[in-house]
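Residue-level structure breakdown
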Amino acid sequence: MTEAATDRVKEKRRRILDAARFLVLKQGLRATSMEAIAREARIAKPTLYAQFTDKDAVFSGIIDEMIGDLLAAYDSGMAGGGDIAERVGAALAGKYGVIAGVLAGSAHAAELYDEHNRLAGRFRAVDERVRDEIAAELRGAGVADAEALARLVLASAYGIARKFGSEAEVGAGIRLMCRRLIGPELG
């Protein structure tokens, strides 16, 4: 395949994923059809099916991109300055901020968050990596039961992300929670 042909394929894929993301946020996953995605992306249905076998494959493509973005935000927070409570707070605020930013203003946010349960396997490796890194950092900072605290912090961050509205509220809530739960353990 020539470089120009590869670029055209990438551009079509990008249009499909952008169209699908727009429609899923606007009308929900269940109400979004392959036909609607093709129409929104301004491509023929055969072109869509050449890229993605079905709606689940399109949604998986959206999730793959989001996982990349949230891991980049998490890594950036962990690499930042401050003590472990500040770095974990920034990392988790970044991770869940990506999700909050994507879902902002969508009347279908709860439906899309519930897809996390259906796609648990896709998120498991990410969640395990994050949990293990936070536990290792907590152990390194002298926290006695680092694994339990890491699980508590992650469960709390998930709850904050589900219940708070905006990206700013999610970030502030997660940072506060990390200061309150981790800070006292740093002695």
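Residues numbered from 1 in each chain as written. Predicted model: local features only at pLDDT ≥ 70, side-chain atom pairs only at ≥ 80, totals over all residues. Heavy atoms only, no water.

The subject of this paragraph is the UniProt feature "domain: HTH tetR-type" (unreviewed entry) in the protein. Listed under "domain: HTH tetR-type" (unreviewed entry) in the UniProt record, and renumbered for this structure, are residues 10-70. Between the end C-alpha atoms of residues 10-70 there is a gap of 22 Å, over a span that is 80% helix and 0% strand. (UniProt positions renumbered as here; feature names shortened; annotations may be inferred. Helix = DSSP H or I, 4+ residues; strand = E, 2+ residues; numbered from the N terminus.)

By the burial criterion, the buried members of helix 2 (residues 34-41) are Met34, Ala36, Ile37, Ala38 and Ala41. As for helix 2, its buried residues are in contact with helix 1 (3-27), helix 3 (45-51) and helix 4 (55-79). Following helix 2 by one or two positions, Arg42 has its phi on the positive side, about 60°. (Buried < 20%, exposed > 50% of the residue type's maximum accessible area, 1.4 Å probe, protein only. Contact = heavy atoms within 4.5 Å.)

A few words now on the domain arrangement of the protein. Its domain assignment divides the protein into domain 1 (1-52) and domain 2 (55-185). On a C-alpha basis, the centroid separation for the pair domain 1 and domain 2 is 28 Å. In this assembly, 18 residues from domain 1 lie in contact with 16 residues from domain 2. When domain 1 packs against domain 2, close to 1400 Å² is buried across both sides, 67% of that on carbon and sulfur atoms. One can count two salt bridges joining domain 1 with domain 2. Here Glu65 ties to Arg14 by a salt bridge, and the two come within 2.7 Å at their closest N and O atoms. Put simply, domain 1 and domain 2 have five residue pairs in polar contact (both at pLDDT 80 or more) between them. Mapped onto the side of domain 1 that touches domain 2, the elements with two or more residues apiece are helix 1 and helix 2. Within the side of domain 1 that touches domain 2, the residues separate by chemical class into ten nonpolar, three polar and five charged. (Domains from an automatic or database assignment. Buried area = accessible area lost by both parts, 1.4 Å probe. Salt bridge = Lys/Arg side-chain N within 4 Å of Asp/Glu carboxyl O. Polar contact = N/O pair within 3.5 Å; in protein donor to acceptor, adjacent residues only side chain to side chain. Nonpolar A, V, L, I, M, F, W, Y, C, P; charged D, E, K, R; others polar.)

With that out of the way, let us pick up unusual backbone geometry. Although it is not a glycine, Arg42 adopts a positive phi angle of roughly 60°. Relative to the elements of secondary structure, Arg42 occurs in the loop between helix 2 and helix 3. Of the residues examined, Arg42 reaches a relative accessible area of 65% and is grouped as exposed.

Under the UniProt annotation, the feature "DNA-binding region" (unreviewed entry) is placed at residues 33-52. Between the end C-alpha atoms of residues 33-52 there is a gap of 13 Å, over a span that is 75% helix and 0% strand.

Turning our attention to helix 5 (residues 84-103). For helix 5, with 20 residues, the first-to-last C-alpha span of 28 Å sits near the 28 Å given by 1.5 Å per residue. Of all the bends in helix 5, the greatest measures close to 25° and is centred on Gly97. Counted residue by residue, helix 5 has 16 buried out of 20 residues, so it is predominantly covered. Note on helix 5: the residue one or two positions beyond its end, Gly105, has a positive phi of about 80°. (Expected span 1.5 Å × (residues − 1). Bend = angle between axes of the 7 residues up to and from the residue.)

On to the packing of helix 5 against helix 8 (residues 146-163). The geometry of helix 5 relative to helix 8 is characterised by a closest axis approach of 10 Å and an angle of 40° between their N-to-C directions. With respect to helix 8, the axis of helix 5 lies oblique. Here helix 5 runs over helix 8; the crossing is right-handed. On helix 8, the residues touching Val88, Leu92 and Tyr96 of helix 5 are Val153, Leu154, Ala157, Tyr158 and Ala161. Tallied by class, residues from the contact of helix 5 with helix 8 come to eight nonpolar, no polar and no charged. (Axes fitted to C-alpha atoms, helices over the stretch in contact; angles between N-to-C directions. Parallel < 35°, antiparallel > 145°, perpendicular 65-115°, else oblique. Left-handed = near helix turned anticlockwise from the far one by under 90°.)

All right, on to the layout of surface pockets then. For the second largest pocket, the calculated volume is near 160 Å³. Along its surface, the second largest pocket is lined by 14 residues, and Leu103, Ala109, Ala161, Phe164 and Gly165 are the ones closest to its centre. Put simply, the parts of the chain that give the lining of the second largest pocket at least two residues each are helix 5, helix 6 (109-118) and helix 8. Split by residue class, the lining of the second largest pocket holds ten nonpolar, three polar and one charged. (1 Å grid on protein atoms, 1.4 Å probe; cavity = no way out; pocket = protein on both sides within 12 Å on 5 of 7 lines; lining within 4 Å. Points joined across faces, edges and corners; volume = space filled by probe spheres on them.)

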